[in-house]
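Fold and geometry: a report
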Amino acid sequence: MTDSTKSKSRTLLGRLREALAEEGEGQERLDRITQIIAESMECEVCSIYLFRDDETLELCATQGLNPESVHQTRMRLGEGLVGRVAKTSHVVNTADAPSSRGFRFMPETGEEVFPSFLGVPIQRLGERLGVLVVQSREARKFTDDEVYALEVVAMVVAEMTELGAFVGEGAALSARHQQPVLFRGGVGQEGAAQGHVYLHEARVVVTNPIADDPQAELARLRNAVDTLRVSVDDMLATAGNGAGAEHKEQMQVLETYRMFANSKGWMRRMEEDIARGLSAEAAVEKEQSTARTRMGQVTDAYLRERLHDLDDLSNRLLRILTGQGNNTGVEIPDDPILVARNIGPAELLEYGRKLRGIVLEEGSVGSHAAIVARALAIPLVINANNVTTEALNGDHIMVDGDQGIVHLRPDDNVVEAFKDKIAMLAKEQERYASIRGKPAETLDGKVITLAMNAGLMADLPSLESSGADGVGLFRTELQFLIRNKMPKRAELAALYSRVIKAAKGQRVVFRTLDIGSDKVLPYMKAQEEPNPALGWRAIRVGLDKPGVMRMQLQALIRAANGRPLTVMFPFVAQFEEYCAAHSHLDRVLEREAALGHPIPEKLEVGAMLETPSLAFAPRKFFEEVDFISIGGNDLKQFFFAADRENERVRQRYDTLNVSFLSLIERIVERCNETGTPVSFCGEDAGRPIEALCFAAMGLRTLSMRPASIGPVKSLLRRANLDQVKAVIDEARARGDQSVRPAIMGWLRGR
Ligand code: PEP
Ligand code: MG
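The numbering scheme is per chain: residues are counted from 1 as the chain's sequence reads. Starting at A for chains and at 1 for ligands, labels are handed out in the order in which the entities are written. For this predicted model, a pLDDT threshold of at least 70 governs which residues receive local features, and a threshold of 80 or more governs which side-chain atom pairs are given and counted, while totals over whole chains, interfaces and linings are taken from all residues. To get the side-chain values, all heavy atoms of the structure are used, and hydrogens and water are removed first.

1. Observations regarding the sheet that holds strand E10 (residues 336-340)
Inclusion rule: DSSP calls a pair of strands paired once it identifies at least 2 bridges connecting them. Under the DSSP-based scheme used, a helix requires at least four consecutive residues in state H or I and a strand at least two consecutive residues in state E, with every element numbered from the N terminus. In this analysis an axis means a line fitted to C-alpha atoms, helices contributing only their contacting stretch, and an angle means the value between N-to-C directions, from 0 to 180 degrees. Residue contacts are defined here by distance: any two heavy atoms, one from each residue, within 4.5 Å place the two residues in contact.
Here we have 8 strands laid out as an open sheet, ordered E7-E14-E13-E9-E10-E11-E12-E8, and mixed in their pairing. In the strand order of this sheet, the two ends are held by strand E7 (181-184) and strand E8 (186-189), each with one partner. Averaged over all adjacent pairs, the angle separating strand axes in this sheet is 25 degrees, with direction ignored. Across the face of the sheet, helix H13 (residues 412-434) comes into contact with strand E9 (192-199), strand E13 (396-400) and strand E14 (405-408) while running at roughly 120 degrees to E9.

2. Description of the site of ligand 1
Stated formally: If even one non-hydrogen atom of a residue comes within 4 Å of a molecule or strand, that residue is called near it. Whenever a nitrogen or oxygen atom comes within 3.5 Å of another N or O atom, the pair is scored as a polar contact, on the condition that within protein one atom can donate a hydrogen and the other can accept it, and that pairs from neighbouring residues in sequence are kept only if both atoms are in side chains. Residue exposure ignores everything except the shown protein chains as possible cover, and the areas themselves are Shrake-Rupley values with a 1.4 Å probe. Throughout, the ten residues Ala, Val, Leu, Ile, Met, Phe, Trp, Tyr, Cys and Pro are labelled nonpolar, Asp, Glu, Lys and Arg are labelled charged, and all others, Gly among them, are labelled polar.
Around ligand 1 sit 14 residues, and of these Arg-475, Arg-511, Glu-610, Asn-633 and Arg-644 come closest. In this structure, Glu-610 approaches ligand 1 through a side-chain N or O atom, which is 2.8 Å from an oxygen atom. Relative to its unbound accessible area of 290 Å², ligand 1 is 99% covered by the protein chains. Going through the elements one at a time, strand E17 (471-475) and helix H22 (632-639) are the ones with two or more residues in the shell around ligand 1. Element by element, the count of residues in the shell around ligand 1 is highest for H22, at 3 residues. Across the shell around ligand 1, the residue classes break down as 3 nonpolar, 4 polar and 7 charged.

3. A short note on the pattern of salt bridges
Formally: Throughout this description, the term salt bridge denotes a Lys or Arg side-chain nitrogen within 4 Å of a carboxyl oxygen of Asp or Glu. The rule is simple: take the accessible area with a 1.4 Å probe, protein chains only, and divide by the maximum for that residue type; under 20% is buried, over 50% is exposed, in between is partly exposed.
Taken as a whole, this structure holds 51 salt bridges when the rule is applied. Across the pair Glu-39 and Arg-15 runs a salt bridge, and its minimum N-O distance is 2.9 Å. Taken together, the residues span a long stretch of sequence, with Glu-39 in helix H2 (residues 26-40) and Arg-15 in helix H1 (residues 3-21) at a distance of 24 residues. Among the residues examined, Arg-15 registers a relative accessible area of 28% and is labelled partly exposed.

4. Quick notes on the sheet that holds strand E2 (residues 56-63)
A sheet is described by the order of its strands in space; here 6 strands give the open sequence E3-E2-E1-E6-E5-E4, paired in antiparallel fashion. Here the strands that pair on one side only, and so sit at the sheet edges, are strand E3 (74-76) and strand E4 (92-94). Between one strand and the next, the sheet's axes are offset by a mean angle of 25 degrees, whatever the strand orientation. Along the sheet, helix H3 (residues 80-88) makes contact with strand E1 (45-53), E2, E3, E4, strand E5 (116-124) and strand E6 (127-136), crossing E6 at roughly 140 degrees.

5. Considerations on the coordination of the magnesium ion (ligand 2)
Heads up, the condition is: Only nitrogen, oxygen and sulfur atoms qualify as donors, provided they sit within 2.8 Å of the metal or within 3.2 Å for Na, K and Ca; with water excluded from the atoms, sites may seem incomplete.
Coordination sphere of the magnesium ion (ligand 2), protein contribution only: Glu-610 (OE) and Asp-634 (OD), at 2.0 to 2.1 Å. One end of the pair, Glu-610, is in the loop between strand E20 (603-609) and helix H20 (612-615); the other, Asp-634, is in helix H22, with 24 residues separating them in the sequence. As far as burial versus exposure is concerned, Glu-610 and Asp-634 are alike and both buried.

6. Section: helix H4 (residues 144-162)
Inclusion rule: A helix is expected to span 1.5 Å for every residue after the first.
Counted at 1.5 Å a residue, the expected span for H4 with its 19 residues is 27 Å, and the 27 Å between its end C-alpha atoms agrees. Along H4, 16 of the 19 residues are buried, which leaves the element largely enclosed by surrounding structure. Two residues or fewer past H4, Gly-164 is found with a positive phi of approximately 80 degrees.

7. With respect to the packing of aromatic side chains
Formally: In summary, the pairing rule links any two rings of Phe, Tyr or Trp, Trp by its six-membered ring, whose centres are within 6.5 Å, and it sorts them by plane angle into stacked for under 30 degrees, edge-to-face for over 60 and tilted for everything else. We call a charge positioned over a ring when the NZ of a Lys or the CZ of an Arg lies within 6 Å of the ring centre and within 35 degrees of the ring normal.
Enumeration over the complete set of coordinates arrives at 13 aromatic pairs. Ring geometry for Tyr-198 against Tyr-351: centres 6.2 Å apart, planes inclined by 75 degrees, an arrangement best described as edge-to-face. Here Tyr-198 is found in strand E9, whereas its partner Tyr-351 is found in helix H10 (residues 345-351), with 153 residues between them in sequence. The same class applies to Tyr-198 and to Tyr-351, which are both buried. Three or more aromatic residues link up through ring pairs in this structure, and these residues are Phe-569, Phe-575, Tyr-578, Phe-621 and Phe-622. Directly above the aromatic system of Tyr-148 lies the positively charged group of Arg-276, at a separation of 4.5 Å from the ring centroid.

8. Quick word on the nonpolar core
The test is simple: Residues enter a nonpolar core if they are buried and are Ala, Val, Leu, Ile, Met, Phe, Trp, Tyr or Cys, with the set joined through side-chain atoms within 4.5 Å. A domain assignment, automatic or from a database, supplies the domain bounds used here.
With 120 residues, the main nonpolar core has Phe-621, Ile-664 and Leu-702 as its most contacted residues. For this core, the two domains that each supply at least three residues are domain 2 (181-202 + 332-425) and domain 4 (435-749). Sequence-distant contacts of Ile-664, defined by excluding residues within four places in its chain, comprise Ile-630, Leu-635, Phe-680, Phe-694, Met-697 and Leu-699. In terms of nonpolar packing, the next biggest core, distinct from the first, is built from 40 residues, Leu-16, Ile-37, Ala-165 and Leu-278 among them.

9. Some details on a negative patch on the surface
The line we're drawing: Only residues whose relative accessible area exceeds 30% and that form no salt bridge enter a patch; like-charged residues are grouped when within 9 Å of one another, and nonpolar side chains (Val, Leu, Ile, Met, Phe, Trp, Tyr) when within 5 Å. Just so you know, the count uses Lys and Arg for positive and Asp and Glu for negative, and it drops His and the chain ends. Note that the charge is assigned to NZ on lysines, CZ on arginines, CG on aspartates and CD on glutamates.
On the surface, Asp-411, Asp-412, Glu-416 and Asp-420 cluster together into a patch of negative charge. Summarising the element assignment, Asp-411 is placed in the loop between E14 and H13. Under the relative-accessibility criterion, Asp-411 is labelled partly exposed at 36%.

10. With respect to the domain arrangement of the protein
Per the domain assignment, the segments making up the protein are domain 1 (3-162), domain 2 (181-202 + 332-425), domain 3 (214-322) and domain 4 (435-749). Centre-to-centre separation of domain 3 and domain 4, based on C-alpha positions: 47 Å.

11. Some remarks on the side chain of Ser-629
In this structure, Ser-629 sits in strand E21 (residues 627-630). Relative accessible area serves as the criterion here: at 0%, Ser-629 is assigned to the buried category. Those residues in contact with Ser-629, other than ones at most four positions away along the chain, are Met-568, Ala-607, Met-608, Leu-609, Ser-679 and Cys-681.

12. Things to note about the pairing of strand E18 (residues 508-511)
Residues of E18 alternate between two faces, with Val-508 and Phe-510 on one and Val-509 and Arg-511 on the opposite face, all of them buried. Alignment of E17 against E18, held across 3 bridges, turns out to be parallel. Residue Phe-474 lies in a different strand from E18, and its bridge partner there is Phe-510. Looking at chain direction, E18 and strand E19 (residues 565-572) are connected through 3 bridges and run parallel. Among the inter-strand pairings, Arg-511 is bridged to a residue of E19, identified as Met-568.

Given below as structure tokens:
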């Protein structure tokens, strides 16, 4: 790039700034901008197309095309050369526009006389805003320098669009971040909430995209990058002495940060942007925008992660440049809905119950954030694409966790409909609260014990609010999953002790560590297995590496401190595994006694029945165990050979399939023969119709999410189990595949 092109570019930006500083309506400014660009670039035509909605571009200002076509000419995304630029976010530069792929002739603009076409995307941080075009009568391809210059101008236009510089009466241009937007994501945690956006990482606002003094801007950028390098080196030094897979990953990210922070290419591009007249902040953002656009196009997971790292690093740099630091001074609203790209479990726990809802751009159902959101019973929508780009702090937002839908800045109709939904949910909650202290007793006098599933301290307040009969499943692995390193015995003992105390004498069934398959501890070496769900998991890990299991058993005994204790081993597939685990427990008990620790006054030891094989174990097994809990999530996946994590096959087999219900019935019969207490603690126990059928199959204890206790109890209290059983038997006799239609029909007909 020559000095003369640099200075030409700077002059252009300088003129743009003056035009933007002048009083005037948005439309006047846009018109003036196109005029300045056309003149400076010595082109007959300059036009700005902006998005009207997600799919439509509108000609919003032009110099050189028919002025009548402004706000009249529209094209769909991908249509014509302009639509192509918008769709692909790639520059189109041609000396022969009419013969170019996708060219669309628009007679109203009179553009057929301009063979040269250069279109660049107007985008900000990966958000497409429009297209900036110059055209000329002389048939020529634009030079790289000219392309670059136009990209820099497009960046300024993007920033100004963002700042609302083009909003105005006659212009009919909508301001950014003022329109309602609907996001369709995935369900992370059910429930509905409305409130105001609180961005986990506030966006940095660049108020002046054009440099007054390029030398000063260069110095600012270099200083900021130096500060950034030092902070990355510090982070690396601090993180340097950890261990485990999580640590390795963290180091990898930091190394990537360091690589980018020292990258000559990155630095050079930003310096060039400044030389052309951008401010340091705008230069950083321009590079960040390019990375974000690439992020949307790259499918390789590793590369995407690295682009994310670059994005994070750019944010850090912007914070240094703007002096905003991490604390942007934004106060958390009274009814905060947290909006983030992603969030770690510890950070989420820190916000705690004050959040009304959570919306994440990434995340997955099994992610740690989702586990915590569930424990806190906060509605969570995951995979809400681009939400962090669209949402501003303080925006009104509604989260429908049942459908995975988010309404940002909703219009009045949506607000009304949503309020109705929230009111209806509140009414239901009132109804459930009114039966909270009452038993789940059916019309024919059978009492079902409804316990709750838990795993974090954050779950325990629900014990009281839901009216649960104790904790039927405490998933101890969640504590392990949300940490960066293996918890110590004393820490675990303190935590379990708090759990026992919070349960106020109610039974808590502690399930020993259930890891493997989808639950991978970040600090343990992951196993490469062809079929992890059928692999080295749960009790199999515990028996092969008994150190952790024994440490956990010790922690549980110490936490009980003489009080009753209930322990359950997960994923027992054969009798012998239960015996082996039990003998570890016996040895730990002996050792604890020898060390003078109090032994639980009552110790119950159970097994989870999660594989069909255990249903057919010898009678002796049923005699030996103190209780059995059916882990329906796993049992169902193995019974039907349908992966519980795979949406495609998961829904294919109904829990109320007669074969599965008959298996449950058989398990209950076998337990009854030996007087072994049996419960069901998979997710299906929390679905009212399923719970009703399980009760009809003879189950008398169900354990579920706290929020399900009300709805399940409500239905059980209105049903006669003998009648339900009769409906199921008839369906089976008829050869129905699932008893669901029959049960639904019966419920409706009552
Ligand atoms: C189950 O498999 O049903 C169960 C309760 O265990 P998890 O969902 O934790 O595997
Ligand atoms: Mg399981």
